[in-house]
Amino acid sequence: MVELNEVILEPGFEPLSAMAWEGKVTCISGSATEQRSRLLLALMGFHDVASGCISYDGEPLNNSNVRAFRQLTAYAPRQLDTIGQVTPYSPPTVQQVFALKANRQQPISNGILAEEMKRTAIDGPNAKWLAVAALLNRPVFLADHPSAQAATYLRTLAEKGRVVIVASNEQAIIDMADTVIHIEKSQNATLAAHTAAEN
């Protein structure tokens, strides 16, 4: 289980509290693409939150355990170029993923990867990132803005007992999700912006 407890992603946003469970799909929607992606990266400790707590099975994520939590997580990036989104972290290439010590024992060949890519029901690089993350067989699966056509595939991954968390505003994924976490600007920030515009 992954839990958000009064997490404020950035100043000016509403606090988020939710639980993402094994066997379920949780969708992060709302706001801009960058905010949704940053929340996924925050779940891996690659992006700080303004306040609140992120926990894995009741244990708060912190500097001393972040590496251990990353070993539980598979991440399918939206793209490999994150210029303008994230400075401390750039998603790995496929080769880098399989070069990691924790992943060297994964029985993955080009044939297995190709078969998994077909199961995603999408084409192009995003199929590869989804397939690579799925084949790592980690208990927590994070997908950063996959195609709407991958909704059924993501549901299948959850049915295998994984915690599946997807950043998306695609209606097909929102409708398929068991839980939707909606990122919103705070009412105070919105009111302040309107007041400033009127003056």
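Keep in mind that this is a model prediction, so the values were computed, not measured. (Residues numbered from 1 in each chain as written. Predicted model: local features only at pLDDT ≥ 70, side-chain atom pairs only at ≥ 80, totals over all residues. Heavy atoms only, no water.)

Colleague: Would you mind showing me how to read the nonpolar core here?
Modeller: If you look at soluble globular proteins, the nonpolar side chains tend to sit buried side by side. The biggest cluster of nonpolar side chains holds 29 residues, and the ones touching the most others in it are V2, L4, L40, L43, I54, L142 and I165. Counting residues per element, the ones that place at least two in this core are β1 (2–8), β2 (16–20), α1 (33–43), β4 (51–56), α2 (66–70), β7 (140–144), β8 (163–167) and β9 (179–183). Once residues within four sequence positions are removed from consideration, L142 is found in contact with L40, L43, M44, T73, A74, Y75, A76 and I165. W129, F141, L157 and V166 belong to the second-largest nonpolar core, a separate cluster that totals 25 residues. (Core = buried A, V, L, I, M, F, W, Y, C linked by side-chain atoms within 4.5 Å. Buried < 20%, exposed > 50% of the residue type's maximum accessible area, 1.4 Å probe, protein only. Helix = DSSP H or I, 4+ residues; strand = E, 2+ residues; numbered from the N terminus. Contact = heavy atoms within 4.5 Å.)

Colleague: Quick question: what am I supposed to make of helix α5 (residues 125–135) here?
Modeller: The periodicity of an α-helix, 3.6 residues per turn, causes residues three or four places apart in sequence to face the same way. Counting buried positions along α5 yields eight of 11 residues, so the element is predominantly enclosed. Within the sequence span of α5, burial applies to A127, W129, L130, A131, V132, A133, A134 and L135. Of the residues flanking the end of α5, it is N137, one or two places downstream, whose phi is positive at about 60°.

Colleague: Hey, could you run me through the pattern of salt bridges in this one?
Modeller: Opposite charge on two side chains permits them to pair, given that their charged atoms come into close proximity. All chains considered together, the criterion is met by four salt bridges. The salt bridge partner of E115 is K118, with a shortest N-O separation of 3.5 Å. Placement of both E115 and K118 in helix α4 (residues 110–119) is noted, with a separation of three residues, approximately one turn of the helix. Classification of E115 as partly exposed rests on a relative accessible area of 39%. Residue class for K118 comes out exposed when judged on its relative accessible area of 62%. (Salt bridge = Lys/Arg side-chain N within 4 Å of Asp/Glu carboxyl O.)

Colleague: I would appreciate a short explanation of the pairing of strand β3 (residues 25–30) in the present structure.
Modeller: Counting buried positions over the six residues of β3 gives six, a clear majority of the element. Here four bridges tie β3 to β8, and the two strands are oriented parallel to one another. In the strand pairing of β8, T26 is matched with I165. Bridging between β3 and β9 involves five bridges; their strand directions are parallel. The residue of β9 that forms the bridge with S29 is H182. (Pairing = 2+ DSSP bridges.)

Colleague: Please explain the pairing of β4 as it appears in this structure.
Modeller: The side chains of a regular strand alternate, first on one face of the sheet and then on the other. With five bridges connecting them, β1 and β4 associate as antiparallel partners. Counterpart to E3 in the pairing with β4 is S55. Hairpin geometry of β4 and strand β5 (residues 59–60) is characterised by an intervening segment of two residues between the two adjacent antiparallel strands and by a positive phi of about 50° at D57.

Colleague: For this particular structure, what's the right way to read the layout of surface pockets?
Modeller: Rolled over the atoms, a probe as big as a water molecule pinpoints where empty space is left. By volume, the second largest pocket amounts to about 270 Å³. Contributing to the lining of the second largest pocket are 13 residues, with H47, D48, V49, L61 and N62 lying nearest its centre. Breaking the lining of the second largest pocket down by element, the ones donating at least two residues are β4 and α2. (1 Å grid on protein atoms, 1.4 Å probe; cavity = no way out; pocket = protein on both sides within 12 Å on 5 of 7 lines; lining within 4 Å. Points joined across faces, edges and corners; volume = space filled by probe spheres on them.)

Geometric values such as these leave the question of function open.
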